[in-house]
Amino acid sequence: MIEINKWEEKQLRKTIPNLCVARTGKSKKAKRGKIYAEPTRKVLSTLKRIREVGYIN
């Protein structure tokens, strides 16, 4: 699983609506949970594009 932030998840969902993610830190004590995405080929290529360009339109 690869770690992504909330904004990257939002961008990924534009192209991959059924994105498989795992979340941690749902408790009130946790300051902030982390999001992990299943590293399929499509996810990796899209994420690479997001991180290079900055967004997907």
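Thresholds applied
Residues numbered from 1 in each chain as written. Predicted model: local features only at pLDDT ≥ 70, side-chain atom pairs only at ≥ 80, totals over all residues. Heavy atoms only, no water. 1 Å grid on protein atoms, 1.4 Å probe; cavity = no way out; pocket = protein on both sides within 12 Å on 5 of 7 lines; lining within 4 Å. Points joined across faces, edges and corners; volume = space filled by probe spheres on them. Nonpolar A, V, L, I, M, F, W, Y, C, P; charged D, E, K, R; others polar. Patch = residues over 30% accessible without salt bridge, like charges linked within 9 Å, V, L, I, M, F, W, Y side chains within 5 Å. Areas by Shrake-Rupley, 256 points an atom, 1.4 Å probe, with all protein chains shown as cover. Salt bridge = Lys/Arg side-chain N within 4 Å of Asp/Glu carboxyl O. Helix = DSSP H or I, 4+ residues; strand = E, 2+ residues; numbered from the N terminus. Buried < 20%, exposed > 50% of the residue type's maximum accessible area, 1.4 Å probe, protein only.

*Asks:* Could you give me a rundown of the layout of surface pockets, with the residues and numbers involved?
*Replies:* Gaps left between atoms are located by rolling a probe of water-molecule size over the structure's atoms. By volume, the largest pocket amounts to about 290 Å³. In this structure, the largest pocket is lined by E3, I4, N5, K6, R23, T24, K26, R32, G33, K34 and I35. In terms of residue class, the lining of the largest pocket is built from two nonpolar, three polar and six charged.

*Asks:* Pulling in residues and values, what's your account of a nonpolar patch on the surface?
*Replies:* Judged by side-chain polarity, W7, V53 and Y55 come together as a nonpolar surface patch covering roughly 330 Å² of accessible area. By secondary structure assignment, the location of V53 is in helix 2 (residues 41-53). V53 gets classed as exposed once you look at its relative accessible area, which sits at 52%.

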